[in-house]
Amino acid sequence: MKQPLVYDVVVLGGGAAGLMCASVAGSRGRRVVVIEQAKRPAEKIRISGGGRCNFTNLHATPANFLSRNPHFCKSALSGYTQHDFIALVEKHRIAYHEKTRGQLFCNDSSQQIIDMLLDECEAADVTLHLGAKISSVGKGESGFTVATDCGEIRGQSLVIATGGPSIPKMGSSGFGYKIAEQFGLKIVPPRAGLVPLTFDEALLARSKDLAGVAVDAIVSCDGVQFDEAMLFTHRGLSGPAILQISSYWRDGDDIQIDMAPGVDVFAALKELRRDHPRQELATGLARLLPSRLAQRIAEAGGGMSRMADMSDRQLQAVAVLVNKWQVTPRGTEGYRTAEVTLGGVDTAELSSKTFESRSVPGLFFIGEVIDVTGHLGGFNFQWAWSSGFAAGQIV
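Below or above, wherever it landed, is the structure these notes cover. (Residues numbered from 1 in each chain as written. Predicted model: local features only at pLDDT ≥ 70, side-chain atom pairs only at ≥ 80, totals over all residues. Heavy atoms only, no water.)

Brief notes about unusual backbone geometry
Excluding glycine, most residues fall at negative phi; most peptide bonds, likewise, are trans. Here is the rule: The helix count covers DSSP runs of H or I at least four residues long, the strand count covers runs of E at least two residues long, and both are numbered beginning at the N terminus.
A positive phi angle, close to 60°, is found at Cys53, a residue other than glycine. Within the secondary structure layout, Cys53 lies in the loop between α2 (43-47) and β3 (54-57). Phi at Arg93 is positive, roughly 55°, even though this residue is not glycine. With respect to the element layout, Arg93 can be found in the loop between α4 (82-91) and β5 (96-98).

Laid out in structure tokens, this is it:
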């Protein structure tokens, strides 16, 4: 039999949070190993941001994160801020730019962020096992034991950085939840977040020819709203505004959509009726909306009527379809296209300063596996950096 490989710290998961934690712990002189089941590390970093990695956001604050305990993220986010990570990026001479709303992207490639993390790990003498299959995790008097297809690995501290089940084609799963449950930790039921919403068959039949149409919109649900782009798809709705609101939407909820932000459509239509009475409604609406969308709303609100033939009540009904469109999505596209996973290890089980389990000394959970989820726009990566840094200073 092979002799067990013994380390101070064993990190399960070679993604953003795991590599950050490993490099920080290693720089403290800790002997660290990272075990990653995929053949390449940090696959989610590689595909993020269209291949350029939206690695943080200039405006990251605790308000950009969802959790049953909204205060949990505060300590980590203040202990390692977006400016700290930007300093690391600049230290490695990676050129970047702000795209919009504080979102920072690499000028060249997301691979630069992966290489930066791997360089930091190498400088800290971190060992990386790729393509390793884990069969069991256990705990004894001397620490933790991880059984893998490349042998038994032991460590005083065990860090779970395995993420959630979003984007399963990247090899993600709910493995981290199973470990938490094995050690008696509670789980907030996980669900897909930052994910497109789908329509039922009846609504799809009325909107299928709108696939590919995009508008700026204000999308609201449950007292929360986002003002960003929205896209009609073959299944329903997507685009930044929809992805954002999906994290707040629950089955059966309505969402309200203003497809002409800042425009009083009722007033605009009355003015068009006065100035262009012979114009058809669809033509008038096309001044405010993409033509295909204008046509569809005109058909729903008044057919091919001329503006002069429409009453105030009819114009008001059309305006509501634009400024206050109420829709009940059938569901979401699920983990297949979800950018993140909501829910996860209950934050009540963890220290907000160290991310160590309150009931199992030496066991840590960081990153997406925890019940902390960021908005779209680089916030989830910042959570990976901040939580990984916090745990890396202690493990």
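Here's the deal with helix α11 (residues 291-301)
For clarity, the cut-off: With a 1.4 Å probe rolled over the protein chains alone, any residue whose accessible area is under 20% of its type maximum counts as buried; one over 50% counts as exposed, and the rest are partly exposed. In this description, one arc is meant: the one made by directions from the helix axis to the C-beta atoms. Any two residues whose heavy atoms approach within 4.5 Å at even a single point are treated as in contact.
All of the buried residues along α11 are Leu293, Ala294, Ile297 and Ala298. Buried residues in α11, looked at end-on, bunch into an arc of 135°, giving them a common side. Looking at the packing, one finds that the buried side of α11 touches β13 (214-221), β14 (224-232), α10 (281-285) and α12 (312-323).

A closer look at the nonpolar core
Heads up, the condition is: Nonpolar cores were defined as sets of buried Ala, Val, Leu, Ile, Met, Phe, Trp, Tyr and Cys residues, with membership established by side-chain atoms within 4.5 Å.
Counting 76 residues, the largest nonpolar core has Ile45, Phe85, Ile113, Phe365, Trp383 and Trp385 as the members making the most contacts within it. Those residues in contact with Trp385, other than ones at most four positions away along the chain, are Ala16, Met20, Ile45, Phe55, Tyr80, Phe85, Ile113 and Leu117.

Things to note about the pattern of salt bridges
Definition in use: The term salt bridge refers to a side-chain nitrogen of Lys or Arg lying within 4 Å of a carboxyl oxygen of Asp or Glu.
Scanning all chains against the criterion turns up 14 salt bridges. We note a salt bridge from Arg296 to Asp209, for which the minimum N-O separation is 2.6 Å. Residue Arg296 is located in helix α11, and its partner Asp209 is located in the loop between α7 (201-207) and β13; the two are separated by 87 residues in the primary sequence. A salt bridge links Glu333 to Arg235; the shortest N-O distance between them is 3.9 Å. Of this pair, Glu333 sits in the loop between β18 (331-332) and β19 (340-345) while Arg235 sits in the loop between β14 and β15 (236-238), and the two are 98 residues apart along the sequence. Connected via shared salt-bridge partners are Arg40, Glu43 and Arg46.

Description of the packing of aromatic side chains
Note the threshold: Each Phe, Tyr or Trp ring, with Trp reduced to its six-membered ring, pairs with another whose centre is within 6.5 Å; inter-plane angles below 30 degrees give stacked pairs, above 60 give edge-to-face pairs, and intermediate values give tilted ones.
According to the stated counting rule, one finds 14 aromatic pairs in the structure shown. On the numbers, 4.2 Å between centres and 5° between planes, the contact of Phe85 with Trp385 is stacked. Here the residue Phe85 occupies a position in helix α4, and Trp385 occupies one in helix α13 (residues 379-392), the gap between them amounting to 300 residues. Classification of Phe85 by relative accessible area gives buried; the value is 0%.

Things to note about the state of the cysteines
In a disulfide, the sulfur atoms of two cysteines are covalently bonded to one another. In plain terms, the rule: The disulfide criterion used throughout: a pair of cysteine sulfur atoms within 2.5 Å.
Applying the stated criterion to the full structure yields zero disulfides. Summary of cysteine pairing: Cys121 is not part of a disulfide, and the nearest cysteine sulfur, belonging to Cys21, is at 9.4 Å.

Side note on the packing of helix α9 (residues 265-275) against α12
Selection rule: Angles here are taken between N-to-C directions and fall from 0 to 180 degrees, while the axes themselves are lines fitted to C-alpha atoms, restricted in helices to the stretch in contact. Here the word oblique covers every angle except those under 35 degrees (roughly parallel), over 145 (roughly antiparallel) and from 65 to 115 (roughly perpendicular). Helix crossings are classified by the rotation of the near helix relative to the far one: an anticlockwise turn of less than a right angle makes the crossing left-handed, while a clockwise turn makes it right-handed. In this classification, Asp, Glu, Lys and Arg are treated as charged, Ala, Val, Leu, Ile, Met, Phe, Trp, Tyr, Cys and Pro as nonpolar, and every other residue, Gly included, as polar.
The geometry of α9 relative to α12 is characterised by a closest axis approach of 8 Å and an angle of 135° between their N-to-C directions. In this view, α9 runs oblique relative to α12, as classed from their interaxial angle. Two packed elements cross with a definite hand, and for α9 against α12 that hand is right-handed. Contact residues: Val265, Phe266, Leu269, Lys270 and Arg273 in α9; Asp312, Leu315, Gln316, Val318, Ala319, Val322 and Asn323 in α12. Partitioned by chemical class, the residues of the contact of α9 with α12 number seven nonpolar, two polar and three charged.

Let's talk about the packing of α11 against α12
Orientation of α11 relative to α12, taken along the N-to-C sense of each, is 140°, at an axis distance of 9 Å. Regarding the angle of α11 to α12, the classification is oblique. The hand of the α11/α12 crossing is right-handed. Facing Ile297, Ala300 and Gly301 of α11, the residues of α12 in contact are Val318, Leu321 and Val322. Split into classes, the residues belonging to the contact of α11 with α12 amount to five nonpolar, one polar and no charged.

Notes on the sheet that holds β5
The condition that has to hold: For two strands to pair, DSSP has to find at least two bridges joining them.
Spatially, the three strands line up as an open sheet ordered β3-β6-β5, and their pairing is antiparallel. Taken across any chain shown, the strands that pair with only one partner, and hence form the sheet edges, are β3 and β5. Neighbour-to-neighbour, the strand axes of the sheet open up by a mean angle of 30°, direction not taken into account. Across three bridges, β3 lies against strand β6 (residues 103-106) in antiparallel orientation. Paired with Thr56 across the bridge in β6 is Leu104. Against the sheet, α4 contacts β3, β5 and β6, and its axis sits at roughly 140° relative to β3.

Things to note about a negative patch on the surface
Under the convention used in this document: What makes a patch is a set of residues exposed beyond 30% relative accessible area and free of salt bridges, joined within 9 Å when like-charged and within 5 Å when nonpolar (Val, Leu, Ile, Met, Phe, Trp, Tyr). The method behind every accessible area is Shrake-Rupley, applied with a 1.4 Å probe, and residues are considered shielded solely by the protein chains displayed. We treat Lys and Arg as the positive residues and Asp and Glu as the negative residues; His and chain ends play no part in the count. To locate a charge, the coordinates of NZ of Lys, CZ of Arg, CG of Asp or CD of Glu are taken.
On the surface, Asp115, Asp119, Glu122 and Asp125 cluster together into a patch of negative charge. Its place among the elements puts Asp119 in helix α5 (residues 111-123).

Details of α4
Put simply, the rule reads: Under the rule applied, a polar contact is a pair of N or O atoms within 3.5 Å (in protein, one hydrogen donor and one hydrogen acceptor; residues adjacent in sequence only if both atoms are side-chain atoms).
Residues of α4 that are buried: Gln82, Phe85, Ile86, Leu88 and Val89. Projected down its long axis, α4 shows its buried positions confined to an angular sector of 155°, all on one face. Those residues of α4 that are buried are in contact with α1 (16-27), β3, β5, β6, α5 and α13. The backbone nitrogen of His83 has a side-chain oxygen 3.2 Å away, supplied by the residue at the start of α4, namely Thr81. Taken from the residues just after α4, Arg93 is the one with a positive phi, measuring 55°.

Structural notes on the environment of Arg296
Given a relative accessible area of 24%, Arg296 falls into the partly exposed group. With 86 residues separating them in the primary sequence, Arg296 and Leu210 have C-alpha atoms 8.3 Å apart.

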